[in-house]
Amino acid sequence: MTGVIRVLELRPEDFQALGDKGGPAEGLSADPLNYWRDVWRRLKANRAAVFGLTVIAVLVFFALAGPYLSGHTYDRQDLSMINQPPGAGFWFGTDCLGRDLFTRIWYGARISLLIGFVTGAVCLVIGVLYGGISGYAGGRVDDLMMRAVEVLGSIPFLLYVILLMVLMGPGLKAVFIALGAVYWLTVARIVRGQVLALKEQEYILAARVLGISPWRILTRHLIPNTMGPILVTLTLIIPEAIFTEAWLSFLGLGVSVPKASWGVLASEGMEGLRNYPWQLFFPAFFISLTMLAFNFVGDGIRDALDPRLRR
Amino acid sequence: MEIKNLSKYFRLARNLVLKAVDGISLEIYPGETLGLVGESGCGKSTVGKVVVRLYRPTAGEVLLEGVNVHNCGKRESRSLFKKMQMIFQDPYASLNPRMTVGEIIGEPLEIHGLARGKEIRERVEDLLDTVGLDRSFTGRFPHELSGGQRQRVGIARALTVEPKFIVCDEPVSALDVSIQAQVLNLLKDLQQRFGLTLLFISHNLSVVRYVSRRVAVMYLGRLVELAPCRELYASPAHPYTRALISAIPLVDPGAEAQRRRIVLGGDVPSPINPPPGCPFSPRCRESAGICTEEAPALRNMGDGRYVACHRA
Amino acid sequence: MQPLLKIEDLNVQFETRAGVLQAVRGINLEIGPGEALALVGESGCGKSAAAQSVLKLLPSPPARITRGGVFFAGENLTAMSEKELQRVRGRDIGFIFQDPMTSLNPTMKVGRQVVEVMYRHGEKDNKKNRERALEIFGLVGISNPGRRLDQYPHQLSGGMRQRVMAAIALACGPRLLIADEPTTAVDVTIQAQIMELLRDLQKKRGMSVLLITHDLSLVAGFARRVAVMYAGKIIETGTAEEVMNSPAHPYTRGLLASIPRLEVRPEERLAPVPGRPPVMINPPPGCPFRPRCPEAMYICAKIEPGETILGQGRIVSCWLAHPMAAESRPERL
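The rules behind the values
- Going along each chain's sequence as written, the residues are numbered from 1 onward.
- Here the convention is simple: chains get letters from A, ligands get numbers from 1, in the order in which they are written.
- pLDDT decides what is reported in this predicted model: residues at 70 or higher carry local features, side-chain atom pairs at 80 or more are listed and counted, and totals for whole chains, interfaces and linings draw on all residues regardless.
- Values shown for side chains rest on all heavy atoms present in the structure; no hydrogens or waters enter the calculation.
- We call two residues contacting when some pair of their heavy atoms lies within 4.5 Å.
- Reported buried area values correspond to the accessible surface (1.4 Å probe) lost by two parts on association, with both partners' losses combined.
- Just to be clear on terms, a salt bridge is a Lys or Arg side-chain nitrogen sitting within 4 Å of an Asp or Glu carboxyl oxygen.
- Segments assigned H or I by DSSP are reported as helices when at least four residues long, segments assigned E as strands when at least two residues long, and all are numbered from the N terminus.
- The angle between axes fitted to the seven-residue stretch ending at a residue and the seven-residue stretch beginning at it gives the bend at that residue.
- Only protein chains enter the accessibility calculation, which uses a 1.4 Å probe; a residue whose area is less than 20% of its type maximum is buried, one above 50% is exposed, and one in between is partly exposed.
- Polar contact is the term for a pair of N or O atoms within 3.5 Å; when the atoms are in protein, one must be able to donate a hydrogen and the other to accept it, and sequence-neighboring residues count only if both atoms are side-chain atoms.
- Per-residue confidence from the prediction method is given by pLDDT, with values spanning 0 to 100.
- Should DSSP find at least two bridges between two strands, the strands are taken to pair.
- Note on method: axes are straight lines fitted to C-alpha atoms, helices fitted across the in-contact stretch only, with angles between N-to-C directions ranging 0 to 180 degrees.
- Only residues whose relative accessible area exceeds 30% and that take part in no salt bridge are eligible for patches, with like-charged residues grouped when within 9 Å of each other and nonpolar side chains (Val, Leu, Ile, Met, Phe, Trp, Tyr) grouped when within 5 Å.
- Reported accessibility uses the Shrake-Rupley method at a 1.4 Å probe radius. Residues are deemed covered only where the shown protein chains occlude them.
- Here Asp and Glu are counted as negative and Lys and Arg as positive; His is not counted, and neither are the chain ends.
- Throughout, a charge is located at the NZ atom of Lys, the CZ atom of Arg, the CG atom of Asp or the CD atom of Glu.
- The crossover handedness rule: strands pointing away from the viewer, path from first strand over the helix to second strand clockwise, crossover right-handed.
- By nonpolar core we mean a set of buried residues, namely Ala, Val, Leu, Ile, Met, Phe, Trp, Tyr and Cys, connected to one another through side-chain atoms within 4.5 Å.
- Domain start and end points were adopted from an automatic or database domain assignment.

Overview of the interface of chain C and chain B
Next up, step 1: At the interface, 44 residues of chain C touch 40 residues of chain B.
Next up, step 2: Summing the contributions of chain C and of chain B, the shared interface buries around 3,700 Å²; its carbon and sulfur component is 57%.
Next up, step 3: For the pair chain C and chain B, the number of links is 1 salt bridge.
Next up, step 4: Of the charged contacts, one joins Asp189(B) and Arg269(C) as a salt bridge, the two residues approaching to 3.0 Å between their closest N and O atoms.
Next up, step 5: Among the elements of the structure, α7 (158-170), α8 (188-205), α9 (216-219), α10 (240-245) and α11 (250-258) of chain C are those that each provide at least two residues to the side of chain C that touches chain B.
Next up, step 6: With 8 residues, the top contributor of residues to the side of chain C that touches chain B is α8(C).

Side note on helix α3 (residues 47-69) of chain A
Residue and element names in this part refer to chain A.
Next up, step 1: Considering bend angle alone, the principal kink of α3 is centred on Ala63 and spans about 45°; proline Pro67 follows within four residues of it.
Next up, step 2: Burial in α3 covers these residues: Ala49, Gly52, Val55, Ile56, Leu59, Ala63, Ala65, Gly66 and Pro67.
Next up, step 3: N-capping of α3 is provided by Asn46, with a side-chain oxygen placed 3.2 Å from the backbone N of Ala48.

Regarding the interface of chain A and chain B
Next up, step 1: On the side of chain B, 34 residues touch chain A, which itself brings 25 residues to the contact.
Next up, step 2: Of the roughly 2,800 Å² buried at the junction of chain A and chain B (both faces included), carbon and sulfur atoms supply 54%.
Next up, step 3: Where chain A meets chain B, there are 1 salt bridge.
Next up, step 4: Arg216(A) serves as the salt-bridge partner of Glu107(B), at 2.7 Å between the closest nitrogen and oxygen.
Next up, step 5: The interface formed by chain A and chain B contains 10 residue pairs in polar contact (both at pLDDT 80 or more).
Next up, step 6: Elements with a minimum of two residues in the side of chain A that touches chain B: α2 (35-44), α8 (202-209) and α9 (214-222) of chain A.

Considerations on the confidence of the model for chain C
Next up, step 1: Looking at chain C, the pLDDT average stands at 85 and 98% of residues meet or exceed 70.
Next up, step 2: For this predicted complex, the interface confidence comes out at an ipTM of 0.86, alongside a pTM of 0.83.

Here's the deal with the sheet that holds strand β2 (residues 19-31) of chain C
Sheets are built from strands paired through backbone hydrogen bonds, the pairs being either parallel or antiparallel.
Residue and element names in this part refer to chain C.
Next up, step 1: Strand order across the open sheet formed by 4 strands is β2-β1-β4-β5, with antiparallel pairing between neighbours. The open sheet is flanked by β2 and β5 (75-76), the only strands paired with a single partner.
Next up, step 2: When strand β4 (residues 63-72) meets β5, the two strands line up antiparallel, connected through 2 bridges. Counted as the bridge partner of Phe71 is Asn76 from β5.
Next up, step 3: Each of β1 (5-16), β2 and β4 is contacted by helix α1 (residues 47-54), which is oriented at about 115° to β1, the strand it contacts most.

Details of a negative patch on the surface
Residue and element names in this part refer to chain C.
Next up, step 1: A contiguous patch of negative charge on the surface is contributed by Glu123, Asp125, Glu131 and Glu135.
Next up, step 2: With respect to the helices and strands, Glu131 occurs in helix α5 (residues 126-139).
Next up, step 3: With a relative accessible area of 54%, Glu131 lands in the exposed category.

What to know about the pairing of strand β7 (residues 165-169) of chain B
All names here are of chain B.
Next up, step 1: Along β7, 5 of the 5 residues are buried, which leaves the element largely enclosed by surrounding structure.
Next up, step 2: Side-chain alternation along β7 places Phe165, Val167 and Asp169 on one buried face and Ile166 and Cys168 on a second face that is also buried.
Next up, step 3: Here 4 bridges tie strand β6 (residues 84-87) to β7, and the two strands are oriented parallel to one another. Among the inter-strand pairings, Gln85 is bridged to a residue of β7, identified as Ile166.
Next up, step 4: Relative to strand β8 (residues 197-202), β7 is paired through 5 bridges, and the arrangement is parallel. In the strand pairing of β8, Cys168 is matched with Phe200.
Next up, step 5: The parallel pair β7 and β8, bridged by helix α6 (residues 177-194), forms a crossover whose chirality is right-handed.

Things to note about the nonpolar core
Next up, step 1: Core analysis: the largest hydrophobic core is formed by 67 residues, its most contacted members being Ile155(B) and Tyr233(B).
Next up, step 2: Ranked by the residues each element gives to this core, the list is headed by α6(B), at 7 residues.
Next up, step 3: Residues from two domains meet in this core; each of domain 1 (2-212) and domain 2 (235-312) of chain B gives at least three.
Next up, step 4: Ignoring sequence-local partners within four residues, the contact set of Ile155(B) consists of Ile87(B), Val131(B), Val183(B), Leu186(B), Leu187(B) and Leu190(B).
Next up, step 5: Core analysis: the next-biggest nonpolar cluster, separate from the first, contains 62 residues, Val177(B), Ile136(C), Phe137(C) and Val140(C) among them.

Here we look at a nonpolar patch on the surface
All names here are of chain A.
Next up, step 1: Together, Val122, Val125, Ile126, Leu129, Ile133 and Trp215 line one region of the surface with nonpolar side chains, adding up to about 510 Å² of accessible area.
Next up, step 2: Within the secondary structure, Val122 is located in helix α4 (residues 101-137).
Next up, step 3: A relative accessible area of 33% places Val122 in the partly exposed class.

Here's the deal with the environment of Ile115(A)
Next up, step 1: Mapped onto the elements of the fold, Ile115(A) is located in helix α4.
Next up, step 2: Ignoring anything within four residues of it in the chain, the contact list for Ile115(A) reads Leu172(A), Val175(A), Phe176(A), Leu179(A), Ala241(A) and Glu245(A).

Thoughts on the domain arrangement of chain B
All names here are of chain B.
Next up, step 1: Domain parsing of chain B yields domain 1 (2-212) and domain 2 (235-312).
Next up, step 2: Averaged C-alpha coordinates put domain 1 and domain 2 at centres separated by 29 Å.
Next up, step 3: Contacts between domain 1 and domain 2 engage 9 residues on the former and 8 residues on the latter.
Next up, step 4: Taken over both partners, the interface formed by domain 1 and domain 2 buries close to 800 Å², and the fraction arising from carbon and sulfur atoms is 69%.
Next up, step 5: The interface formed by domain 1 and domain 2 includes 1 salt bridge.
Next up, step 6: Here Glu39 makes a salt bridge to Arg283, at a shortest N to O gap of 3.8 Å.
Next up, step 7: Put simply, domain 1 and domain 2 have 1 residue pair in polar contact (both at pLDDT 80 or more) between them.

Right, dumping it as structure tokens:
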């Protein structure tokens, strides 16, 4: 600092009062980022999360377009072409009935991803509303609603599924209902916990003092502030639902033939494991890839939301 | 505003009752600022929250212009939202982080039908002007603002409904000294401009002295002294008030060196299990036999002074 | 007299997402044996970063001491290894933190936390240590010390916890006590008790105390010397009387005018410093206080002022103290 002064000649006019020029400014911070844009920016900086998102996007694209690319249909059997290895005609080979595995994999992806996303959406709607109301109402209402959750949560999952199968017959609908019925409980618990913590926050008190209705407080003030943890939970629930469906199909409780989910395909692939390993490899690979991708995204979102990493 | 014999107990467990506020009576006159001071846990915030109907009182009543705020018709109840407002302590927790400043200030206008469409934006900008913020803040989110700026937004939000009465719950304790002074000046100006009546709750006695006309001192859920500001600071009557005032550090080193300090021993007892008799007796130097047996009532000492002490 | 603690041209930076934050920008400070010094400033001015850098308590990264050093009784603390520093921490220099709740181990009885510090610094006889702990608990004004030793932090009140913090800091009889905002989290009457305790330690035990605070009003009754920090620099030092009664820097004047004082009539309006403190990431040239300064001059926007020595231990960093300022603006004198 002294060095600067030595070379600089000070003139009397330098010591004139500056007056109001450049007076005080109640300035704003430089970057006008909103919360979600901020989260998105951090998420983009996370390589694993970007990888996960890309994988999910590619999977969704092929699930939509894949079945039309190969020129085969998912249920056409060609008994002259059974158990073909992957090659030019059948990119992923064929199964024991001569059906094109590439087409069936992507057809299965539709069902598996659909199950994941629908379960996620159902859980989101029911869980958020239920948990939100329970947490915000508090007291006896909360006690009652949470006891109900505990009772439902204590019923073994397989019992659910089997009962539903008996009632509705096996099929996609039963699987949806079974998965939805189980996973919304998790969301409800998490939302309730969040809402309980948030409702003593001063901005909620301020809203109450302003006479804002409970419903509006819940939907406009509380739920938007619980979206972070909910998103993380969803990224865990979606792959879990996919996996659970695969597992149910493997047991024969899931989607019925000739429709195929990844679980059905894996189950069929098991039979020919020794001689035609690709029949198991492809569905297993895509199930694992999906799980991994969603987990990466979930971790990424969690990190992006973590206040400790902010700034 | 009239607070009559107000009590608020919290039931913590089956046999555990916390007497946060225990039989408090106060009157707040139109256009005045009443300071409510006390240490943490004395129940001062609870009083504020009961007054604005965040809690229901266990006993007693709160009247605003003769209307019982906790027990009135639906229409009156609704209009009360527009008469009473509150300003909160923590500038980081009192604004919804997912809403822009414009939305935060605009919401009450919208739901009370005070403005619609383009008017909302105009009113929001007016209010930002009023609290000394630039209009460009409308589209900003709370986390982009400094503590002082957020507190101004909180004040603007309270002003949307043009209230007559505002409870200020420690509005400047979380702010730095220079920012604190800005906000205090703003509150003082607004009070004069809009003829507001304020209940100013704070643990900081110097701040309360700066804004209030009368000051009430609370200890363990009870009112121990109530007096006009000047008299209270010049000649505190209750031993607790004396100790509080003596605990305020003076800025001037000369004056600080000369004065006699009263350093209170011990801590504030738990309000779950308050001492018998006068709640202050275990820490009071002047405590006598009667103090540990019987709780003193608030007595009128003339000149608008009230003291709850056997020895005063 | 050789100073006990000497901070020389200390520079501390934080790596942040938005760029390098210059938290401390070349501060010099000396504390003699038995002296009480107050380092005052608003949040974000770098006072805590400076204090914690004395014992290298800041996590690195993001914090980094880029230049300068801290000397304790002639030893260079900045150059010391973590192991050597651990010897100094607690034994030679005690540290009281702002928030007693987060700085105490919630799963350990407070007595053991005190004894452990002694044990770590070579006092292996824990029976004797416990007796000493009892003694120190009495010293810091903990009533019923025998019972308190066996309690957990959550069983104690805020004021008690702050005293336990003090007891831990005092466990090995340090020569210097650094108190970083020790009264921010407590009530007025407890604040008075803690300030009384610090005063006692300094006056009766001859301990040097460095008090870090944002509250100028705590200074008068405690410290003989005061240093005011703004934007990472010490902008004014002097005795408490000099700084409080005739502040030389416009910022100090503004701070003093912001405090609602008990000595002043309440009708008198506070004159706060307008605006808010700058964030020292790529600061513009010139004096960092210039945008808020009511007396700013053209030079202030160009070059940051150096230190002007006004007298023995009385230093101000402001262009107004330059002789040419007085010449150009005679009305100020």
